[in-house]
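Tertiary structure, described
Here's the letter readout for the chains.
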Amino acid sequence: MKVASVRTLRDALSALRDAGPNVRILAGGTDLMVEMESGRTRPESIVDVWRVLELRAIRETQEGVTIGALASCTELLENKAVSLHADILVEAARTVGAVQIRNRATIGGNLGTSSPAADLNPVLFALGARVRLESLRGTREIAVESFVKGYRTNDRASDELITAVVLPRRPPHEKRAFKKVGTRRAQSISKVVVAAAVESNGSDIVRARISAGSVADRTILLDGLCRELVGRRFADDAAIMDLCRVQVDASVAPRDDVRSTARYRRFVLIRILAQIVRDAVRVK
Amino acid sequence: MKAIFDDAQPIELTLIVNGDERRLSAPPLRRLLDVLREDIALTGTKEGCGEGECGACTVLVDGRAELSCLVPCCQVNGCDVRTIEHDNLASIQDAFLEHGGAQCGICTPGMIVMTRAYLDQCERDKSSATIDGAREALAGNLCRCTGYEKILASVLHAARAERAR
Amino acid sequence: MSKFVGGHVERPEGRAKVTGRSVYIADLHVAGAWLGGTVRSNVACGTLRGFDFAPDFDRNSVKLVAASDIPGDNVQALIVDDQPILAARDIQHWGEPLMLVAAPDARTLERALAAIRPRIDAAPALFDMASSPRAFKTIDIVKGDVTAAFARARTAGHVEIVGEYHTDSQEQLYIEPQGCIAWPADHDGVVTVRGSLQCPHYVRKALMRCFGIAAEKARVVQMETGGGFGGKEEYPSVVACHAALLARAVGAPVKIIYDRHEDLAVTPKRHPSRVRTRALVAREGTLIALDIDVLMDGGAYTTLSPVVLSRGCIHAAGPYRCADTRIHGRVVHTNHVPFGAFRGFGAPQTCFAIERTMDKIARTLNIHPFELRRKNMLRAGDTTATGQILKDSVGSAEVMDAIAQKSGFDRHPWCAAEPNTAGKARGLGLSFFFHGAGFTGSGEEMLKGRVRVALLADGRVEVLAGSTEIGQGTNALFLAIAADSLMIAPEDIVIATPDTAHVPDSGPTVASRTCMVVGSCLTKACAELRARVGGSEQRPWRERALAFLRGCGNAEVTVQYVSPKDVAWNDERYEGDAYPVFGWAADVAEIEVDLVTLEIEVKRFYTAVDVGKAIQPALVEGQLEGGSLQAVGWSHLEVVTTKDGRFEQDRLATCIIPTTLDTPRFDVTLIEIPYAHGPFGAKGVGELPMDGGAPAVASAIEDALGIHVTRVPATPERLMIEIEARDTR
């Protein structure tokens with residue numbers, strides 16, 4: 001195995017280009033080290049970027065917040081700009097593992113792994129984040145829901161490095177929610193995880209972005225539900241439940257696994273979504 | 001299975017471990033846990049699972065609590081590493097002894113190091129240690145013997161003792 | 001006079017534990033040691049035909065041991081000789097050991113294990129215990145005439161209540177995995193094993209059988225052990241035989257340390273159970289008859305199943321007065337990984353069933369569950385299901401009074417309100433239970449457990465016992481007992497390392513017996529030594545001891561356990577005094593249920609326990625808090641399931657136990673009703689807390705949601721099914 005520990009972005013990108021296709025990126029190691037210990041992966045080549053300090057910076061900008069890919073969960077939940085513009089990212093970061101894991105798990109790592117159970121990714125989907133990718137060939141940005149493409153699969157080319165996540169400023173009338181149902185109250189992978197950003201004009205929902213994890217092979221946006229919510233009026237709670245039920249059954253087919261059952265995931269997802277919608281349509 | 005972590009050309013490393021400079025040669029992905037336990041013969045840090053789930057391997061890297069079974073040594077080159085063998089843990093150790101915080105003792109080194117990190121955080125925030133705060137801080141350290149009740153009590157007693165000093 | 005009993009002595013091994021200087025087996029560096037691993041079966045049932053080796057595998061890089069290399073008997077010595085050390089032909093479970101491999105380093109070992117593939121003809125496997133044709137053990141307990149009682153039921157106006165209850169397996173999850181180091185026979189022919197274990201003499205017995213050697217030729221030394229809970233009662237014998245066989249093959253020490261995945265996959269866990277109860281009750285709540293059927297899954301080999309079934313059956317009718325009782329129990333063979341010892345040892349399973357039955361009776365007859373317990377609870381002078389008249393230390397009323405006073409459960413309108421449908425639902429639930437201390441019936445007589453005390457050359461007293469410190473506080477306990485029995489300071493006492501070469505066999509560290517049985521031998525031995533040494537109490541002990549030694553006095557006292565004279569047990573009819581004495585307890589769980597997700601939060605857990613005498617109250621509380629959390633975890637959080645005979649939870653990420661955030665605040669009330677034959681009045685307490693947590697939480701769930709929980713663990717997935725069923729009715 002070849003391991004290249006780099007200290008600058010430039011060196012990281014060169015190392016990635018030189019390493020060829022079978023390279024893994026090592027940041028905090030909370031995923032890759034576990035994958036290797038379990039025997040699930042045996043990389044030929046590793047580029048260790050943990051000490052590329054320029055990728056840790058979190059900056060408030062005109063447009064919103066730019067979060068360096070190596071910002072750890074701890075750094076996210078301690079950052080004022082993140083609290084201001086991306087409150088549910090703080091909530092989500094707080095549910096990741098426990099203190100020791102939060103000190104090492106990074107936002108770029110969560111994206112790069114693209115696990116369907118990722119805790120931060122649904123928040124990035126709901127907030128309309130963009131993922132910045134750099135290589136020696138140049139820089140590009142892509143909407144996060146286009147970045148994640150399948151089970152532990154994404155749009156990153158083998159010579160590219162995720163360098164930042166760009167979040168827009170918080171819109172004035174947007175309600176947000178985050179809910180993770182895990183196997184226990186800490187140090188747990190989710191059974192279902194939901195993040196929502198719902199904008200209203202005082203009487204109606206004008207825009208909704210609702211994302212779920214652990215109910216499909218990847219983090220998803222519940223587009224159908226989001227479309228149906230725009231301008232919708234509900235007669236009562238039962239009507240909300242019905243809509244959520246119909247939309248969940250139309251968009252996801254959760255599975256049984258060692259953590260939970262398809263039936264429970266469906267049950268909980270519908271109820272969490274119904275609560276989010278209920279809260280969103282409540283008159284202020 | 002951990003032979004995979006030793007599967008690369010060794011690199012030269014310098015670490016400050018409990019205040020002492022240590023130079024050694026190790027494969028870059030060799031776990032900090034193994035460097036401590038085998039290369040430096042500091043066996044106080046324990047391996048409970050090897051997958052970052054139990055917290056028994058907790059150490060402080062540049063003051064941050066981290067799971068040494070998930071930290072490859074290439075990432076701690078030049079860093080300050082503190083383990084259960086460090087000498088700034090006395091009030092916590094006394095509290096655990098006096099208040100039943102240790103039963104079988106296997107989780108204890110990780111618990112005590114994590115408590116150090118929590119008390120240091122309280123110091124930085126100028127806040128007091130609380131039961132709920134201690135619960136949150138220690139949520140990544142599993143104990144099967146105590147039911148946590150006396151561990152949490154020990155943390156509060158240690159906080160009190162340190163404040164008194 | 002007690003200075004230390006009832007107070008606090010520092011754990012002698014405590015400072016080493018908090019400073020990281022304790023030496024657990026994985027910490028022991030042995031120069032020249034090889035590493036050992038195990039080739040295992042990847043099917044649950046079949047015939048081993050041979051092994052294939054990968055073409056690039058260098059056989060000279062390792063040493064291999066197969067069944068044919070075993071010098072003694074290929075038998076894992078325990079109760080019945082049905083479990084081989086290495087399968088020779090017949091494979092009975094997934095992960096069964098087939099061949100052992102030793103290598104000089106980790107990489108070579110891993111490569112070898114990957115390169116060796118067993119060739120197995122798979123056969124149909126049996127996993128459903130209800131359809132197993134073969135019982136390892138059957139037990140029948142009969143008191144009075146249950147059939148007649150049920151026949152009279154209608155005319156008497158009695159109510160029949162029927163229930164079926166299931167408990168899943170549970171993983172002990174000691175934070176230190178299994179492991180040992182074995183040395184090949186030395187120039188005296190002595191094979192030595194050091195390891196993480198609860199019972200050094202069990203391991204010695206296993207080695208004797210494996211090598212065909214006498215006791216003096218097998219030496220077993222317990223290292224500091226990071227938790228056991230029964231999981232290190234019998235299984236360390238397996239690891240020890242493996243390591244010792246490899247050491248013999250290599251001619252050098254061999255270290256086997258399981259990684260967590262292997263430990264989770266192949267070590268014995270709690271027996272799954274199905275218990276059917278049929279209760280006959282008078283309308284005002286008096287229990288008339290109990291007819292209970294107990295079925296447990298023993299897995300592939302007998303191991304300790306007969307004893308687990310025994311304890312489960314003896315406790316199955318609960319701590320209640322009932323003239324006509326029948327308990328029929330079977331533990332059966334399946335092709336699951338063998339199940340084994342875990343704190344409680346059959347009682348948590350049957351206690352769950354009888355306590356749920358009592359709640360069902362309460363609801364059916366509209367009697368408060370607290371009143372129902374109080375009305376029927378056993379008191380001194382009453383007779384248990386095995387016909388034992390309870391004489392000593394019966395704290396039933398006291399623990400019930402205490403739990404009512406602390407929790408207010410007796411004044412709580414249990415299952416009275418309509419369950420909430422939004423937000424959170426709160427619930428309070430009760431369990432009332434007892435647990436026999438010591439080995440069943442004549443078990444302690446047969447064990448002939450012994451303790452020795454001896455003077456060291458410097459005048460200190462050494463306590464020599466085979467009982468092990470595994471976190472529960474054996475060392476501090478013995479220190480306190482010895483100090484007050486000798487009337488000296490703890491500084492003048494040394495607790496010897498459990499090394500079979502030096503300490504007598506005190507019996508295993510199991511069955512809630514260490515304090516009560518071994519401790520009582522210790523008080524007698526110390527009293528005898530004190531009398532022998534004599535001298536004025538004003539003189540310091542060491543002076544007196546040295547004077548005694550100079551006078552060539554016999555400085556050793558060994559005491560063997562003798563059962564109290566009034567204990568009589570009939571093993572064939574399962575009648576009589578099942579245990580010398582019982583511990584008594586009542587638990588109340590206070591929970592909150594999230595009605596969106598059905599997740600349960602146990603907020604407070606009250607437990608009131610009659611322990612006879614708390615030798616070290618802080619240690620006793622620690623046992624009660626720790627054991628209660630294991631039971632609370634089992635009640636709703638700890639999922640252990642199998643698929644095709646393989647445990648699905650093979651990593652700590654999926655085999656979960658409570659974290660600090662899943663843990664209630666504990667409220668422990670210690671009650672002391674001294675037991676005449678226990679040291680300073682103490683009774684066994686180690687397992688008791690495991691029995692009450694699951695039914696107390698289930699009772700609280702019933703209060704919160706109105707559903708009658710019949711399965712452990714009551715996960716959100718299971719509760720959802722119950723709630724949907726209720727809502728469609």
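Since we're looking at a predicted model, the values are computed, not measured.

**Remarks on the overall build of chain C**
Along the backbone of chain C there are 18 helices and 28 strands. Taking 2.2 N^0.38 as the reference for a compact globule, 729 residues should give roughly 27 Å; the C-alpha atoms of chain C span a radius of gyration of 26 Å, in line with that estimate. C-alpha extents for chain C along the principal axes are approximately 75 × 75 × 50 Å. Within chain C, buried positions represent 62% of all 729 residues.

**Describing helix 1 (residues 32-39) of chain B**
What sets the pattern is the α-helix's 3.6 residues per turn: residues three or four places apart point alike. Residue and element names in this part refer to chain B. Within helix 1, six of the eight residues are buried, leaving the element largely enclosed by the surrounding structure. All of the buried residues along helix 1 are L32, L33, D34, V35, L36 and R37. Contacts made by the buried residues of helix 1 are with strand 2 (20-26) and strand 3 (58-61). A41 sits one or two positions beyond helix 1 and adopts a positive phi of about 60°.

**Digging into the domain arrangement of chain C**
Residue and element names in this part refer to chain C. Domain annotation of chain C identifies domain 1 (14-23 + 443-560), domain 2 (32-125 + 176-266) and domain 3 (273-440 + 574-728). A separation of 36 Å is found between the C-alpha centroids of domain 2 and domain 3. Taken together, the contact pairs 23 residues of domain 2 with 25 residues of domain 3. In terms of residue count, helix 7 (residues 260-266) provides more of the side of domain 2 that touches domain 3 than any other element does, five residues in total.

**Quick word on helix 3 (residues 108-125) of chain B**
Here helix 3 of chain B spans 25 Å end to end across 18 residues, near enough to the 26 Å set by a 1.5 Å rise per residue. Residues T108, P109, G110, M111, I112, V113, M114, T115, R116, A117, Y118 and L119 of chain B constitute the buried set of helix 3 of chain B. If you follow the buried residues of helix 3 of chain B, they end up packed against strand 3, strand 4 (64-67), helix 2 (90-98), helix 4 (131-137) and helix 5 (149-164) of chain B together with helix 1 (14-19) of chain C. Downstream of helix 3 of chain B by one or two residues, K126 of chain B has phi in the positive range, about 55°.

**Overview of the interface of chain C and chain B**
Interface size is commonly expressed as the accessible area that is lost once the parts come together. Each partner contributes residues to the interface: chain C has 43 residues there, and chain B has 40 residues. A total of six residues in the side of chain C that touches chain B trace back to one element, the largest contributor, which is helix 16 (residues 617-636) of chain C. A per-class count over the side of chain C that touches chain B returns 15 nonpolar, 15 polar and 13 charged.

**Let's talk about the environment of I403 of chain C**
All names here are of chain C. Turning to its location among the elements, I403 is positioned in helix 11 (residues 396-407). Take I403: there are 28 C-beta atoms within 10 Å of it, and that puts it in the buried class. Sequence-wise, I403 and Y606 are 203 residues apart; in three dimensions their C-alpha atoms are separated by 7.0 Å. Beyond its immediate chain neighbours, meaning those up to four positions away, I403 contacts F409, A586, V588, Y606 and A608.

**Concerning the packing of helix 9 (residues 347-365) of chain C against helix 17 (residues 689-705) of chain C**
Residue and element names in this part refer to chain C. Close contact between helix 9 and helix 17 brings their axes to 8 Å; oriented N to C, the two are set at 30°. In this structure, the crossing between helix 9 and helix 17 has a hand that is right-handed. Within the contact between the two elements, helix 9 uses A347, P348, C351, F352, E355, R356 and D359 and helix 17 uses M690, D691, G692, A694, P695, A698, S699 and E702. Of the residues belonging to the contact of helix 9 with helix 17, the class tally is eight nonpolar, two polar and five charged.

**Some details on the domain arrangement of chain B**
All names here are of chain B. Taken domain by domain, chain B comprises domain 1 (10-82) and domain 2 (90-164). If you average the C-alpha positions of domain 1 and of domain 2, the two centres end up 22 Å apart. When its residues are assigned to classes, the side of domain 1 that touches domain 2 shows six nonpolar, six polar and one charged.

**Notes on the sheet that holds strand 17 (residues 450-455) of chain C**
All names here are of chain C. Here we have four strands laid out as an open sheet, ordered 19-18-17-20, and mixed in their pairing. Here the strands that pair on one side only, and so sit at the sheet edges, are strand 19 (493-495) and strand 20 (556-560). Within the sheet, the average angular offset between the axes of one strand and its neighbour, ignoring direction, is 20°. Where strand 17 lies against strand 18 (residues 461-464), four bridges are found, and the strand directions are antiparallel. Across the sheet, the residue bridging to A454 is E462, located in strand 18. Contacting strand 18 and strand 19, helix 13 (residues 474-486) runs over the sheet at an angle of about 150° to strand 19.

**Regarding the interface of chain B and chain A**
Each partner contributes to the interface: chain B provides 26 residues, whereas chain A provides 24 residues. The biggest single contributor to the side of chain B that touches chain A is strand 4 of chain B, with four residues. The residue inventory of the side of chain B that touches chain A, partitioned by class, reads 14 nonpolar, six polar and six charged.

**Brief notes about unusual backbone geometry**
It is generally the case that most residues other than glycine have a negative phi and that most peptide bonds are trans. In this model, V712 of chain C is joined to P713 of chain C through a cis peptide bond whose omega is 0°. Topologically, P713 of chain C is positioned in the loop between strand 28 (711-712) and helix 18 (716-728). In this structure, K126 of chain B is a non-glycine residue whose phi angle is positive, near 55°. The phi angle at K448 of chain C is positive, at roughly 55°, despite the residue not being glycine. Mapped onto the secondary structure, K448 of chain C falls in the loop between helix 12 (443-447) and strand 17.

**Observations regarding the pairing of strand 7 (residues 138-143) of chain A**
In this structure, strand 6 (residues 130-135) of chain A lies alongside strand 7 of chain A, joined through six bridges in antiparallel fashion. The residue of strand 7 of chain A that forms the bridge with E134 of chain A is T139 of chain A.

**What to know about the nonpolar core**
By size, the foremost hydrophobic cluster in this structure holds 397 residues, and its most contacted members are L273 of chain A together with A243 of chain C. Here this core takes 12 residues from helix 6 (residues 235-250) of chain C, the largest share from any one element. Sequence-distant contacts of A243 of chain C, that is, excluding residues within four places in its chain, are made with G36, C180, I181, A182, V193, V254 and I256 of chain C.

**A closer look at the sheet that holds strand 16 (residues 424-437) of chain C**
Residue and element names in this part refer to chain C. The mixed open sheet is built from four strands, whose spatial order is 16-23-24-27. Where the open sheet ends on each side, the last strands, each with one partner, are strand 16 and strand 27 (665-671). Averaged over all pairs of adjacent strands, the angle between strand axes in this sheet comes to 15°, irrespective of strand direction. Pairing geometry for strand 16 and strand 23 (residues 581-594), over 14 bridges, is antiparallel. Bridging from a neighbouring strand, G427 pairs with I591 of strand 23.

**A word on the confidence of the model for chain C**
Note that predicted coordinates carrying low pLDDT should not be read in detail. Confidence in the prediction of chain C, expressed as mean pLDDT, is 97, and 100% of residues score 70 or more. Here the prediction assigns the complex a pTM of 0.98, and the interface score ipTM is 0.99.

**Remarks on the pairing of strand 6 of chain A**
Residues and elements named next belong to chain A. Strand 6 sits mainly inside the fold: five of its six residues count as buried. Once strand 6 ends, the chain turns through two residues before running back antiparallel as strand 7. Across five bridges, the pairing between strand 6 and strand 10 (residues 161-168) is antiparallel. Within strand 10, the position partnered with L133 by the bridge is I162.

Calculation notes
Residues numbered from 1 in each chain as written. Chains lettered and ligands numbered in written order. Predicted model: local features only at pLDDT ≥ 70, side-chain atom pairs only at ≥ 80, totals over all residues. Helix = DSSP H or I, 4+ residues; strand = E, 2+ residues; numbered from the N terminus. Rg over C-alpha atoms; globule rule 2.2 N^0.38 Å. Buried ≥ 20, exposed ≤ 12 C-beta atoms within 10 Å, placed from the backbone. Contact = placed C-beta atoms within 7 Å. Domains from an automatic or database assignment. Expected span 1.5 Å × (residues − 1). Nonpolar A, V, L, I, M, F, W, Y, C, P; charged D, E, K, R; others polar. Axes fitted to C-alpha atoms, helices over the stretch in contact; angles between N-to-C directions. Left-handed = near helix turned anticlockwise from the far one by under 90°. Pairing = 2+ DSSP bridges. Core = buried A, V, L, I, M, F, W, Y, C linked by C-beta atoms within 7 Å. pLDDT = per-residue confidence, 0-100.

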